[in-house]
Amino acid sequence: MGSGYMAPILAELAGMRPRAAHTVESLCSSGTNAIVSGYAHVASGLADVVLVSGAEIRDTPGRILWWDDSRGQFKHPVYWASLLTSGYKRAFGVSDDDLAVVPTRAYANAGSNPDALRPEAAPTVEDVAGSRRLTGDLRLLDCSRPCTGGASILITSEDVAGRYTDDPVLIAGIGQSVTSAGFAKHPELSRIVSARMACRDALRMAGSRNGGAGGATLSMSDVDVAEIHDAFSVCEPMILEALGMAEPGRGAAVSRELYETASRRVNPRGGLIGSGHPLGATGLAQAAEVARQLWRQARGRQADNPEVGLVHNMAAAGTSSTALVMVR
């Protein structure tokens, strides 16, 4: 992320001469939005094979949202995360201790992910609770870590998929939603509306592709494994509620249940908190993880017999979200 001419440079360095090479820039959701672009090229017949790559250098300045004056002097994501944490806790009576299980489970799951940027010893709930305060509502271990990293996936038409694999994973549904480009128009500080809308549309598209009549849709109960955008601890319960995996106000309780049962259904690779958050690569890493899960190639972090996977990736305090439904 952060280089407007990255795609042609990447093609040249890789020794490729593609018909087209372009860069997609959308903050933290750049990866999934690039996947949507690649999918559109293939679906329209403009291309049979698309390589989608995302990369990040830790010091990329794009993390600071200088363009959004509604944030006043508080430009860094830590401040919007603090506002969301405060709003969610106040709305539903959630405590700091309730949220501490989110990074604890994330780091535990990341222990089985060889690509994760993780500490030698996974932090405990007590470690999270006692970590340094960044704001009144946010601790150091509540935060994902910006880092250097990259990820790539290959998207092909069904006609040529056999050149590369005998067992392709299909992108069955796509959903995108933008509620605002600025934080001031965020409808509530206790909900992420864009996540709900993007997921709804992705599941509806997937249901129609799978033969559903009359606009039939899949539901989250059909999703066996999900990669969601837990940039900060509070994001996980808020997204679980937005996606319909938890009732409003029950997201923290569901996060605790996932922790206590060592579930691999949500963020089996450790999510953004456990694995690191290389902004331009994150959405692609999420999609790659879901593909591994559907192929039963996730080794020590494998979910139970998944057939349907979901990716949720968002940007700018959840003012925009992209969701993908992937099936085997």
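Residues numbered from 1 in each chain as written. Predicted model: local features only at pLDDT ≥ 70, side-chain atom pairs only at ≥ 80, totals over all residues. Heavy atoms only, no water.

Undergrad: Help me understand the packing of aromatic side chains in this model?
TA: A ring pair, where both rings are aromatic, is described by two values, the distance of the centres and the angle of the planes. What the rule picks out here adds up to two aromatic pairs. When the centroid spacing of 5.3 Å and the interplanar angle of 85° are considered together, the rings of W80 and F232 count as edge-to-face. Here F232 lies in the loop between β4 (225-227) and α7 (235-243) and W80 lies in helix α3 (residues 77-92), a separation of 152 residues in the sequence. Judged on exposure class, the residue W80 and its partner F232 are both buried. (Phe/Tyr/Trp six-rings, centres within 6.5 Å; stacked < 30°, edge-to-face > 60°. Helix = DSSP H or I, 4+ residues; strand = E, 2+ residues; numbered from the N terminus. Buried < 20%, exposed > 50% of the residue type's maximum accessible area, 1.4 Å probe, protein only.)

Undergrad: Sorry if this is basic, but what is going on with the side chain of S275 here?
TA: Relative to the helices and strands, S275 is located in helix α9 (residues 271-275). Its relative accessible area of 6% is what places S275 among the buried residues. Here N113 takes part through its side chain, which lies 3.4 Å from a polar atom of the side chain of S275. Those residues in contact with S275 that lie beyond four places of it in its chain are A110, N113, A116, L117, R145, R269 and G270. (Polar contact = N/O pair within 3.5 Å; in protein donor to acceptor, adjacent residues only side chain to side chain. Contact = heavy atoms within 4.5 Å.)

Undergrad: What is the right way to look at the environment of G162 in this model?
TA: Mapped onto the fold, G162 is located in the loop between β2 (149-156) and β3 (170-178). The exposed category is assigned to G162, whose relative accessible area is 56%. Taking the C-alpha atoms as reference points, G162 and V308, 146 residues apart in sequence, are found 21 Å from one another.

Undergrad: Mind showing me how you'd approach helix α2 (residues 30-44) here?
TA: Spacing of three or four residues puts side chains on the same side of an α-helix, whose turn is 3.6 residues. Given a rise of 1.5 Å per residue, 15 residues ought to cover 21 Å, and the 21 Å separating the end C-alpha atoms of α2 matches this to within 8%. The buried fraction of α2 is high, at 11 of 15 residues. For α2, the set of buried residues is S30, G31, T32, N33, A34, I35, V36, S37, G38, Y39 and V42. (Expected span 1.5 Å × (residues − 1).)

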